[in-house]
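Fold and geometry: a report
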Amino acid sequence: MKENCNCSHCSNELCIRKVPIFSSLNHDEVGKIAELIIHRDFLKGEMLLHDGEKSESIVIMHEGSAKAFKYTPDGREQILYVFSEGDFFGEQNLLSNRLATYSVEALTPVKTCILSKNQFYQLLYQHPDIAVKIIAELGERMIRLENAVQGMGVRNVDNRVGGLLLEFAAKYGSESKEGTVIQLPLSREGMANYLGVARETVSRKLSQLENEGIIRSMNNKSIVILDSEALTEIAGI
């Protein structure tokens, strides 16, 4: 892990401009926040946060992706969320003095921007609109988590696999002549842990979608969605 306190670390592109909750700030305000930020880099596989840890900062994803996960009582990994550029975590530690309720591990090399608790509070006092945006984002996360929990018992596997691919398309997809190309942030096993199913089930469902001409595997790390309407129908959205 490397640490840097200069925002030139972001290659002259201020990291906080990538974060939706800071989108309402003007140039001067962005510059002031940039002065408060500490940067930390993590290698693939490094831990950004440990379950049960006390953190005094909010962590913003500048580059890369990371998984939030817990271990079930029987020792299985359950992925709760995949953080990507512009996402943030650690807010529960700042807003309620709670210990972390999940671990975060880098899926790729990651660059983060970190604000301490005191700086974060000053920011909220000075810019209430940011507080409102954070509340809105946390509300959206709660909805996604509730849907995921409900989906484990109600939605069938086809729905869940289709929904996950659409989620990844929205966050990691890029348009091509064929369709939407997705650089998958998770392996087949990781996708299975996210959905709460067996790895073989995910592989079988992806093969089924490919046979039906809805997706095409480019390699182990990327696929292209050829028929987004059909995938949306399968996801039940």
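In the block above lies the structure referred to throughout.
All of these numbers come straight from a predicted model, not from anything done at the bench.

Glancing now at the sheet that holds strand β12 (residues 215–219). On the basis of which strands lie adjacent, the open sheet formed by four strands has the order β10-β11-β13-β12 and antiparallel pairing. The sheet terminates laterally at β10 (173–175) and β12, the two strands that pair on one side only. Ignoring strand direction, the axes of neighbouring strands in this sheet form an average angle of 25°. Pairing of strand β11 (residues 180–183) with strand β13 (residues 222–225), which is carried by four bridges, proceeds in the antiparallel orientation. When the bridges of β13 are listed, Val181 appears paired with Val224.

With the rule as written, the count across this model stands at five aromatic pairs. Judged by centre distance (5.1 Å) and plane angle (35°), the rings of Phe83 and Phe89 are tilted. Residue Phe83 shares its accessibility class with Phe89, and that shared class is buried. The structure contains a cluster of three or more aromatic residues connected by ring pairs, namely Tyr81, Phe83 and Phe89. The side chain of Lys67 reaches across the aromatic face of Phe69, ending 5.3 Å from its centre.

One finds Phe89, Val104, Leu165, Phe168 and Met191 to be the most contacted residues of the largest nonpolar core, which totals 44 residues. Here the element with the most residues in this core is helix α5 (residues 157–172); it accounts for seven residues. Mapped onto the domain boundaries, this core takes at least three residues apiece from domain 1 (8–150) and domain 2 (154–235). In contact with Leu165, other than residues within four places in its own chain, are Ile182, Met191, Leu206, Leu209, Ile215, Ile223, Ile225 and Leu231. One finds Ile33, Ile37, Ile58 and Phe120 within the second-largest nonpolar core, a separate group that totals 12 residues.

Next up on the list: helix α6 (residues 188–195). Counting buried positions along α6 gives seven out of eight residues, so the element sits mostly inside the fold. Where α6 is concerned, the buried positions are Arg188, Gly190, Met191, Ala192, Asn193, Tyr194 and Leu195.

Our next topic: the pattern of salt bridges. Tallying each qualifying case throughout the model produces seven salt bridges. For Asp158, the salt bridge identified is with Lys205, shortest N-O distance 3.0 Å. Placement of Asp158 in helix α5 and of Lys205 in helix α7 (residues 199–211) is noted, with a sequence separation of 47 residues between them. Residue Arg216 pairs with Glu178 through a salt bridge whose shortest N-O separation is 2.5 Å. Here Arg216, found in strand β12, pairs with Glu178, found in the loop between β10 and β11; they are 38 residues apart in sequence, far enough to count as distant. A residue is classified by how much of its surface remains accessible, and Arg216, at 30% relative accessible area, is partly exposed.

Within the secondary structure, Arg188 is located in helix α6. Lacking a salt bridge, the buried Arg188 has Glu210 as its closest oppositely charged neighbour, with an N-O distance of 6.7 Å. The contacts of Arg188, once residues within four sequence positions are left out, are Arg199, Val202, Ser203, Leu206, Ser217, Asn219 and Asn220.

Here we take up the sheet that holds strand β5 (residues 66–71). Within the open sheet, the four strands sit side by side as β3-β8-β5-β6. Their pairing is antiparallel. Edge positions in the sheet fall to β3 (47–49) and β6 (77–83), since each has one partner strand and no second. The average angle at which neighbouring strand axes cross in this sheet is 35°, direction not considered. The sheet contact formed by β5 and β6 spans six bridges and is antiparallel. Residue pairing in the sheet places Lys67 in a bridge with Val82 of β6.

Conventions and cut-offs
- Throughout, a residue's number is its position along its own chain's written sequence, starting from 1.
- Note on the predicted model: pLDDT of at least 70 is required for a residue's local features to be given, and 80 or more for side-chain atom pairs to be given and counted; whole-chain, interface and lining totals, by contrast, use all residues.
- Side-chain calculation: all heavy atoms of the structure are included, whereas hydrogens and water are not.
- Only strands that DSSP links by at least two bridges are regarded as paired with each other.
- Only DSSP runs of H or I reaching four residues or more are called helices, and only runs of E reaching two or more are called strands; each is numbered from the N terminus.
- In this description, a line fitted to the C-alpha atoms serves as the axis of each element, helices being fitted only across the stretch in contact, and the angle between N-to-C directions of two axes falls anywhere from 0 to 180 degrees.
- Planes of paired rings set the category: under 30 degrees apart is stacked, over 60 is edge-to-face and the rest tilted, where pairs are Phe, Tyr or Trp rings (Trp by its six-membered ring) whose centres lie within 6.5 Å.
- Think of it in three bands: with a 1.4 Å probe and only protein chains considered, a residue is buried below 20% of the maximum accessible area for its type, exposed above 50%, and partly exposed in between.
- For a Lys NZ or an Arg CZ to count as sitting over a ring, it must be within 6 Å of the ring centre and within 35 degrees of the ring normal.
- Grouping buried Ala, Val, Leu, Ile, Met, Phe, Trp, Tyr and Cys residues that are joined through side-chain atoms within 4.5 Å yields what is termed a nonpolar core.
- Bear in mind that the domain bounds are from an automatic or database domain assignment.
- Any two residues having at least one pair of non-hydrogen atoms within 4.5 Å are treated as being in contact.
- A carboxyl oxygen of Asp or Glu within 4 Å of a side-chain nitrogen of Lys or Arg is what we treat as a salt bridge.
- Just so you know, the count uses Lys and Arg for positive and Asp and Glu for negative, and it drops His and the chain ends.

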